[in-house]
Amino acid sequence: MSGTFSRLRRRLPSPPRLPLDSALHEPRTAVVLGRWLGAAFLVCFATGLISHGLQNPPGWLRDHLPSRPVDAYRVTQGLHVISGIAAIPLLGAKLWTVYPRLFARPAVRGVLHALERLGIAVLVGSALLELVSGLLDTVQWYPWPFPFRQTHFWLAWIAVGGLLLHVAAKAPLIAGHWRRGTGPAVTGRRAFLGGAALSAAAVTLLTAGQTVPWLRRADLFGARRPDLGPQGLPVNRTAAQAGTAAAGPGWRLSVAGPRPYALSLPELGALPQHTAVLPIACVEGWSASARWTGVRLRDLLDRAGAPPGARVRVVSLERGGPYAVMEMPATYARDPLTLLALRVNGEALDPDHGYPARIIAPGRPGVLQTKWVQRIEVLT
Ligand SMILES: Nc1nc2c(c(=O)[nH]1)N[C@H]1C(S)=C(S)[C@@H](COP(=O)(O)O)O[C@H]1N2
Ligand SMILES: [Mo]
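Along each chain, residues carry numbers from 1 onward, in the same order as the chain's sequence is written. Labels follow written order: the first chain is A, the first ligand is 1, and so on. Restriction of local features to residues with pLDDT of at least 70 applies here, the model being predicted, together with a cutoff of 80 or more for giving and counting side-chain atom pairs; totals for whole chains, interfaces and linings are based on all residues. The side-chain values count all of the structure's non-hydrogen atoms but skip hydrogen atoms and water molecules.

> What should I look at first to understand the sheet that holds strand 2 (residues 261–264) in this one?
Remark on secondary structure: sheet strands pair via backbone hydrogen bonds, oriented parallel or antiparallel. Pairing between strands is defined by DSSP: at least two bridges between the two strands are required. Each helix corresponds to a stretch of at least 4 residues labelled H or I by DSSP, and each strand to a stretch of at least 2 residues labelled E; elements are numbered beginning at the N terminus. Here we have five strands laid out as an open sheet, ordered 2-1-10-5-6, and mixed in their pairing. The open sheet terminates on both sides in strands that have one partner only, identified here as strand 2 and strand 6 (325–328). On average, adjacent strands in this sheet sit at an angle of 15° to one another, irrespective of strand direction. Both strand 5 (residues 311–316) and strand 10 (residues 373–379) contribute to a ladder of six bridges, which runs antiparallel. Its bridge partner being in strand 10, S316 is matched across the sheet by V373. Here an angle of 0 to 180 degrees is reported between the N-to-C directions of two axes, which are lines fitted to C-alpha atoms, with helices fitted over the stretch in contact.

Structure follows, in structure tokens:
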């Protein structure tokens, strides 16, 4: 029987050598790519923690978040999305370099080896999911049944844990191939690493313009052009998408506090107006600066008799969306740049930018820049 098989096998053409069958599946290439990928992951992880902390601060941190520099979140979240996107071609190159080892036989050579492979499976799986779900988030596509932010947050910890284990397990190999010229010379390595670096640079260059002003014209693949939209500013969710009914002439801002009151739009416009140049920095990676004009939030709070350290809750006309209710620590509420904005770039707010009034505060994620404000509550 087995003789028949081997005769049959000899008659079949031998499988073609895959072009993937390359001398580049070797440690030095893997180590160089691992260094770049590790750097991208660490930047992405650290900036992701910042974003999560700003959106969802634990109680001990809440009152210590800084409102300055005004561009802080714009920079950290820009870096988050840039490093995540750059990591995609690097991870592709890294996986290609090591993939023969993933299918090496025997699959398991002992308990330690089994643990190491399990670690790699967790690392590869979580890193891929993290990068893909993050990329889809930048285009606001959520094809999964789980909530994006929490999943993205926990997966990040799993990926970083897997990364640390992986680096520990490979430490001798990494140390042995850290320096240039270690290991045998491999033709094509420079070209391959150069190609991987070039791909990372290209995807960065073609998307970073959604947040970096001087790259704006190169923003071919970014989800947003930061200068396109009503009043020269992108819209994340329009009034129609948010299901917000247009505010009519009967609209009143109500302020709840020790001395509650309500003001119409003309009454708000008659209060001292202030102008601030502040960015909207969306968690999805785009950001854009604009000139906002309106009433200082702290003036509204003083008028309501709010104590200086009071936190504030802002409620939108929008019903039920995740951003319809927002809380603001006193540091932001008391910052002279924090406005209940009535105008942007010299015009009354477009309905999609939050007419009749929206919050704009320095240093905060876009999701907290509440549009269509109806009610401000002093929390004591
Ligand atoms: N009430 C309400 N406010 C909101 C939102 C929303 O969906 N509902 N989206 C937020 C998000 S995610 C961002 S990035 C900014 C965008 O503001 P813009 O649409 O005026 O550019 O508004 C924020 N304010
Ligand atoms: Mo956003």
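> Honestly, a nonpolar patch on the surface in this entry has me stumped. Any pointers?
Candidate patch residues must exceed 30% relative accessible area and have no salt bridge, after which like charges are joined if within 9 Å and Val, Leu, Ile, Met, Phe, Trp or Tyr side chains if within 5 Å. Surface accessibility follows the Shrake-Rupley procedure with a 1.4 Å probe radius. Residue values consider only the protein chains on display as shielding. Salt bridge, as applied in this entry: a Lys or Arg side-chain nitrogen positioned within 4 Å of an Asp or Glu carboxyl oxygen. The grouping of V111, L112, L115, L118, V122 and I158 at the surface amounts to a nonpolar patch, some 620 Å² of accessible area in total. Considering every element that reaches the nonpolar patch, the biggest residue donor is helix 5 (residues 111–138), with five residues. By the secondary structure assignment, L112 is in helix 5. Overall, the relative accessible area of 70% leaves L112 in the exposed class. Exposure categories follow from relative accessible area, calculated using a 1.4 Å probe and restricted to protein chains: below 20% of the type maximum is buried, above 50% is exposed, and the middle band is partly exposed.

> Is there a simple way to explain the nonpolar core in this structure?
Buried together is how nonpolar side chains tend to be arranged in soluble globular proteins. In this text, buried Ala, Val, Leu, Ile, Met, Phe, Trp, Tyr and Cys residues form a nonpolar core when linked through side-chain atoms within 4.5 Å. The biggest cluster of nonpolar side chains holds 54 residues, and the ones touching the most others in it are L253, L268, W292, L300, M328 and I376. It is strand 7 (residues 339–344) that contributes the most residues to this core, five residues altogether. Sequence-distant contacts of L253, that is, excluding residues within four places in its chain, are made with Y261, A262, L263, L268, L300, L340, V373, Q374, R375 and I376. In this structure, A40, A87, A127 and L193 belong to the second largest nonpolar core, which totals 17 residues. The criterion used for residue contact is that any of the two residues' heavy atoms lie within 4.5 Å.

> Even after reading the chapter, I still don't get the pattern of salt bridges, so can you show me in this structure?
Pairing between side chains becomes possible if they bear opposite charge and their charged atoms approach one another. Scanning the entire structure with this criterion turns up 10 salt bridges. The salt bridge involving D302 is made with R334; its shortest N-O contact spans 2.8 Å. A residue pair is termed long-range when its members are at least 10 positions apart, and D302 in helix 11 (residues 297–303) and R334 in the loop between helix 12 (330–333) and strand 7 qualify at 32 residues. By relative accessible area, which is 39% here, D302 ends up partly exposed. What makes R334 partly exposed here is its relative accessible area of 22%.

> I would appreciate a short explanation of the packing of aromatic side chains in the present structure.
Any two aromatic rings considered together are summarised by their centre-to-centre distance and by the angle between their planes. Between the rings of Phe, Tyr and Trp (Trp by its six-membered ring), a pair exists once the centres lie within 6.5 Å; its type follows the angle of the planes, with under 30 degrees stacked, over 60 edge-to-face, and the other angles tilted. According to the stated counting rule, one finds seven aromatic pairs in the structure shown. Between Y99 and F103, the ring centres sit 6.4 Å apart and the planes meet at 70°, which makes this aromatic pair edge-to-face. Owing to a relative accessible area of 54%, F103 belongs among the exposed residues under this scheme. On the basis of an interplanar angle of 80° and a centroid distance of 6.4 Å, the ring pair of F153 and W157 is categorised as edge-to-face. Of this pair, F153 and W157 are both found in helix 6 (residues 148–169), four residues apart, which corresponds to roughly one turn of the helix.

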